[in-house]
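# Geometric and topological summary
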Amino acid sequence: MKLIDGKAIANQIKAEIAAEVKKLQEQKGRTPHLAAILVGNDPASETYVANKEKSCKEVGMSSSVYKMPADITQEKLLETIEFINKDDEIDGLIVQLPVPKHIDVQKVIESIDPKKDVDGFHPVNVGRMTLGQDCYLPATPFGISMLLERYNIDTQGKNCVVVGRSNIVGTPMSILLSRNNPLANATVTLCHSKTKNLTEVCKSADILIAAIGRCEMITADYVREGATVIDVGMHRVEDKSRKSGFRLKGDVKFDEVSPLCEYITPVPGGVGPMTIVGLIMNTLKAFKGEIYK
Ligand code: NDP
């Protein structure tokens, strides 16, 4: 069994980005800038946004956070997005999800200028991804693709099973893996809560990607010997022996599954650090005008 060290790869890529940002700053006289809108006080969202700010700093990018109260009106939120859309000094804009229930999330996503949509959630970017055109890829599937590439894990002709069909992870992951290019070309099965015989389907996977949101659901019964397993799940499980009071677990029962695998991502330290790298990479692309000229 070989562990896929997402943290190490993320640090490696961040160092590469930092070097590029430094060069670009000399040429352009400014650094890439990521803006994040945070609505409400959800502790997990606050942590995610703080981590994104920290990563920007690490690579020499600038960032700003627009904090808004949980009872902000949709109109005011859309106005702020419009304001940022027009700011030439801001290259990328994300709205941290989830937003409170009274806000129409799709409307929010569609009001972000596709050129600044570094989360890759806008229908224009999703459409371009589906057509195999240049676009901002959603950060988590983008991060997973980079991990597979850096570990030279061949996907061509392989059976890839993705469990979970969310718009931000499972569905884009299945599209990316099925594209016609040397880093994809997989035969992909996309599973969800209505899939029959999930255990057997998962057992047919050369590469199994778990993005289910159910703690340790994937046990040894779901995995064939020699498979590669990518665990996207992230769950805080109470652990009083830790200072934080919790520890992180994934959708995969690591102790049971890992001895069967050729490669496996741990939680934490697998997919998580790569998600932020995907976002930073998209912000750099936005700054360089690589996708939209
Ligand atoms: P969602 O809840 O949006 O989607 C979960 C998907 O899993 C749905 O498609 C659902 O099916 C499917 N599902 C649920 N239960 C079952 C089941 N018993 N059998 C088969 N399929 C099932 O989750 P996300 O995609 O947003 O996130 C998935 C996990 O990844 C979460 O733990 C989340 O915290 C984590 N995550 C981690 C990130 C990281 O950076 N590491 C980034 C983003 C997410 P259906 O569509 O039928 O309801």
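Remember, it's a predicted structure, so these values are computed and weren't measured experimentally. (Residues numbered from 1 in each chain as written. Predicted model: local features only at pLDDT ≥ 70, side-chain atom pairs only at ≥ 80, totals over all residues. Heavy atoms only, no water.)

### Digging into the environment of Val-237
By the secondary structure assignment, Val-237 is in strand β9 (residues 235-238). Residues Val-237 and Gly-250, spaced 13 residues apart in sequence, show a C-alpha to C-alpha distance of 9.9 Å. Apart from residues lying up to four places away in sequence, Val-237 is in contact with Cys-215, Gly-245, Phe-246, Arg-247 and Lys-249. (Helix = DSSP H or I, 4+ residues; strand = E, 2+ residues; numbered from the N terminus. Contact = heavy atoms within 4.5 Å.)

### Overview of the sheet that holds strand β7 (residues 207-210)
With parallel pairing, the six strands of this open sheet are ordered in space as β1-β11-β8-β7-β5-β6. With one partner strand each, in any of the chains shown, β1 (2-3) and β6 (187-191) form the two edges of the open sheet. Judged from the four bridges that link them, strand β5 (residues 159-163) and β7 form a sheet pairing that is parallel. The residue bridging Val-161 from the neighbouring strand is Leu-208, located in β7. Across the sheet, helix α7 (residues 170-178) is in contact with β5, β6 and β7; its angle to β6 comes to roughly 170°. (Pairing = 2+ DSSP bridges. Axes fitted to C-alpha atoms, helices over the stretch in contact; angles between N-to-C directions.)

### Regarding the packing of aromatic side chains
Summed over all chains, the structure comprises two aromatic pairs. Between Tyr-136 and Tyr-292 the ring centres are 6.0 Å apart and the planes differ by 50°, which places this aromatic pair in the tilted class. With a gap of 156 residues between them, Tyr-136 in the loop between α5 (123-130) and α6 (139-150) and Tyr-292 in the segment after α10 (271-288) connect regions that are remote in the sequence. A ring pair is formed by Tyr-151 and Tyr-263, whose centres lie 6.1 Å apart and whose planes are at 75°; its orientation type is edge-to-face. One end of the pair, Tyr-151, is in the loop between α6 and β5; the other, Tyr-263, is in strand β11 (residues 263-264), and 112 residues separate them in sequence. The ring of Phe-287 carries Lys-28 above its face, with NZ or CZ at 4.7 Å from the centroid. (Phe/Tyr/Trp six-rings, centres within 6.5 Å; stacked < 30°, edge-to-face > 60°. Lys NZ or Arg CZ within 6 Å of the ring centre and 35° of its normal.)

### Some points on α6
A turn of α-helix holds 3.6 residues, and therefore any two residues three or four places apart point the same way. For α6, which comprises 12 residues, the first-to-last C-alpha distance of 16 Å matches the rise-based estimate of 16 Å (1.5 Å per residue) to within 8%. Burial within α6 is extensive, with nine of its 12 residues counted as buried. Buried residues along α6 sit against α1 (6-28), α7, β7, β8 (228-231) and α10. Looking at the residues trailing α6, positive phi occurs at Asn-152, about 50°. (Expected span 1.5 Å × (residues − 1). Buried < 20%, exposed > 50% of the residue type's maximum accessible area, 1.4 Å probe, protein only.)

Remember, this is a structural readout, not a statement about activity or role.
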